[in-house]
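# Observations on chain architecture
Spelled out from the first residue to the last, the chains are:
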Amino acid sequence: MPDNAAVLAAVEGVIDPELRSPIGALGMVDRVSIDGEDVAITLVLPLGGHPQEEELMRRIRDAVTSAGVVGKAEVAMIAMTDEQRSELGKVMRKGRESGDRTVALADPGTTTRVIGIASGKGGVGKSSVTANLAVALSQQGHRVGIMDADVWGFSIPKMMGLDRPPSVLQDMLIPPVAHGVAVISMDFFVEPDQAVVWRGPMLHKALEQFLVDVYWGDLDFLLIDMPPGTGDVSISISQYLPRSELVVVTTPQPAAQRVAVKAGLMAKKVNQELVGIIENMSWFTGDDGKRYELFGSGGGEALSEDLDVPLLGKVPLVPALREGSDVGAPIVATDPDGEAAQAFAALASALVERRPRLRTHPELVIS
Ligand SMILES: Nc1ncnc2c1ncn2[C@@H]1O[C@H](COP(=O)(O)OP(=O)(O)O)[C@@H](O)[C@H]1O
Ligand SMILES: [Mg+2]
């Protein structure tokens, strides 16, 4: 017969797919009781139902099975009391008072790696790379979010197939999740066809809200889809997240690389750590199995040399990648064995392997 304490611990350790934290720590486990081979579980939920109920149930089933339950697992759900909700709010703010505007992701103790995905110009595939890389990281078992900071040309929700807006819980926005990835974007907050006109201070404030008022949970990676070029957004991000990293996406033709250099130099200027280059649309594999370099070659290598950072990987031109982006089905999720997915899996591993710089003590630099 399974041990009640072991089953309780297993249930409490289940990661909520929506809030990305253990349900025990979130105060969502009310009761677990063993009855012979079966177990009865009572959860208390903050919202009227769970947006990812099926996935939550699957995780609970797996957890109790691992803890030795061989019979039925019955899960009852009841609504949180106001008091429980307010406790949950405190956990979500990581102990911060509600008026505190500091960015939790910038805490020295955070283990989340924040990686901006930048490019010199638009159309090089920055958003496609962000979306597919996020799904690849998630497939490798990491907790991943995307902050769409391309406030003028947001495209991430559409690429990820998200039409569900964030839910609101205790004054915090809970980002919707698709393909295991939590997403926040201006797309959720502006009316269709409404022009977005941003001036510097408004933009700075909007990014602050994305970082402070959004509950990201305990992420391993937050990828930021940066607007093309360099400018206000890069400066704001580096101020809010002084330890964030940056990756520059470029295409193979040498002309593209000259523009991309600027994005890389910007990172150095605002003291972000430039971790590497991704070359996109590097080749097209024909029906004959041969690789054709439609846009020339050498751009990624040249940029890597110019900026003195590694070329993390290359992504082929795959028509199905574009089609997937258009219909909200990232190719890494729909064709996990294809050549694009393999390229993104390799990129994800390269990023995981590259350990970020923690801090530099200026007074100890000897030169
Ligand atoms: N590797 C690729 N293979 C095929 N199409 C791609 C690839 N990368 C990007 N695209 C397509 O190119 C266009 C521009 O990509 P996008 O990610 O929106 O660029 P950016 O965010 O840099 O402006 C989109 O239609 C996208 O689907
Ligand atoms: Mg884009």
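Residues numbered from 1 in each chain as written. Chains lettered and ligands numbered in written order. Predicted model: local features only at pLDDT ≥ 70, side-chain atom pairs only at ≥ 80, totals over all residues.

## Comments concerning the pairing of strand S5 (residues 144–148)
Taken across its 5 residues, S5 has 5 buried, putting it largely inside the fold. Judged by which residues are buried, S5 turns out to be covered on both faces: Val 144, Ile 146 and Asp 148 on one side and Gly 145 and Met 147 on the other are all buried. The pairing of S5 with strand S9 (residues 181–185) spans 5 bridges and is classified as parallel. Paired with Met 147 across the bridge in S9 is Ile 184. As paired strands, S5 and strand S10 (residues 221–225) are joined by 5 bridges and run parallel to one another. Its bridge partner lying in S10, Gly 145 is registered against Leu 222. (Buried ≥ 20, exposed ≤ 12 C-beta atoms within 10 Å, placed from the backbone. Helix = DSSP H or I, 4+ residues; strand = E, 2+ residues; numbered from the N terminus. Pairing = 2+ DSSP bridges.)

## A few points about the sheet that holds strand S1 (residues 29–35)
Ordered in space as S1-S2-S3, the 3 strands form an open sheet in which the pairing is mixed. In this open sheet, the two edge strands, each paired with only one partner strand, are S1 and strand S3 (73–79). The sheet shows a mean angle of 15° between the axes of neighbouring strands, taken without regard to direction. Alignment of S1 against strand S2 (residues 38–45), held across 6 bridges, turns out to be antiparallel. The partner of Asp 35 across the bridge, within S2, is Asp 38. Docked against the sheet, helix H2 (residues 53–66) engages S2 and S3, running at close to 135° with respect to S3. (Axes fitted to C-alpha atoms, helices over the stretch in contact; angles between N-to-C directions. Contact = placed C-beta atoms within 7 Å.)

## A look at the packing of helix H1 (residues 4–12) against H2
Following both chains from N to C, one finds H1 and H2 inclined at 150°, their axes separated by 9 Å at the closest point. Here H2 runs roughly antiparallel to H1, going by the angle between their axes. The two elements H1 and H2 meet at a crossing, and its hand is right-handed. Residues Val 7, Ala 10 and Val 11 of H1 form the contact with H2, whose participating residues are Ile 60, Ala 63, Val 64 and Ser 66. Among the residues forming the contact of H1 with H2, the class breakdown is 6 nonpolar, 1 polar and no charged. (Parallel < 35°, antiparallel > 145°, perpendicular 65-115°, else oblique. Left-handed = near helix turned anticlockwise from the far one by under 90°. Nonpolar A, V, L, I, M, F, W, Y, C, P; charged D, E, K, R; others polar.)

## Observations regarding the site of ligand 1
The environment of ligand 1 is formed by 17 residues, the closest being Gly 125, Lys 126, Ser 127, Ser 128 and Arg 322. Of all the secondary structure elements, the ones that give two or more residues to the shell around ligand 1 are helix H4 (126–139) and helix H10 (319–327). In terms of residue class, the shell around ligand 1 is made up of 6 nonpolar, 9 polar and 2 charged. (Near = placed C-beta within 6 Å.)

## Thoughts on the environment of Gly 161
Turning to its location among the elements, Gly 161 is positioned in the loop between helix H5 (156–160) and strand S6 (167–169). Separated by 56 residues in sequence, Gly 161 and Leu 105 have C-alpha atoms that sit 26 Å apart.

## A look at helix H8 (residues 254–269)
Between the first and last C-alpha of H8 there are 23 Å, a value that for 16 residues agrees with the 22 Å anticipated at 1.5 Å per step. All of the buried residues in H8 are Ala 256, Gln 257, Ala 260, Ala 263, Gly 264, Met 266 and Ala 267. Packing partners of the buried residues in H8 comprise strand S4 (113–119), helix H7 (232–240), strand S11 (245–250), strand S12 (273–280) and helix H9 (299–307). Looking one or two residues past H8, Asn 271 carries a phi angle of roughly 65°, positive in sign. (Expected span 1.5 Å × (residues − 1).)

## Some details on the domain arrangement of the protein
We note that the domain assignment places domain 1 (4–92) and domain 2 (104–355) within the protein. The gap between the C-alpha centroids of domain 1 and domain 2 is 33 Å. Taken together, the contact between domain 1 and domain 2 spans 14 residues of the former and 12 residues of the latter. Its residues assigned to classes, the side of domain 1 that touches domain 2 comprises 7 nonpolar, 4 polar and 3 charged. (Domains from an automatic or database assignment.)

## Quick look at the nonpolar core
Ranked by size, the top nonpolar core spans 106 residues in total, and within it Val 7, Val 11, Val 181, Leu 223, Ile 224 and Phe 344 carry the most contacts. Here this core takes 8 residues from helix H12 (residues 339–353), the largest share from any one element. Both domains that meet at this core, namely domain 1 (4–92) and domain 2 (104–355), each give it at least three residues. Apart from residues lying up to four places away in sequence, Ile 224 is in contact with Val 114, Ile 115, Gly 116, Ile 117, Met 147, Ala 149 and Ile 237. (Core = buried A, V, L, I, M, F, W, Y, C linked by C-beta atoms within 7 Å.)

## Some points on the sheet that holds S5
A sheet is described by the order of its strands in space; here 8 strands give the open sequence S8-S9-S5-S10-S4-S11-S12-S15, paired in mixed fashion. Strands at the two margins of the open sheet, each flanked by one partner only, are strand S8 (177–178) and strand S15 (311–315). As paired elements, S12 and S15 share 4 bridges and run parallel to each other. The residue bridging Asn 280 from the neighbouring strand is Val 315, located in S15.

## Considering the pairing of S4
For S4, the tally of buried residues reaches 7 of 7 residues, placing the bulk of the element in the interior. Alternating residues of S4 divide into Arg 113, Ile 115, Ile 117 and Ser 119 and Val 114, Gly 116 and Ala 118, and every residue in both groups is buried. In this sheet, S11 lies alongside S4 in parallel orientation, the contact comprising 5 bridges. The residue bridging Gly 116 from the neighbouring strand is Leu 246, located in S11.

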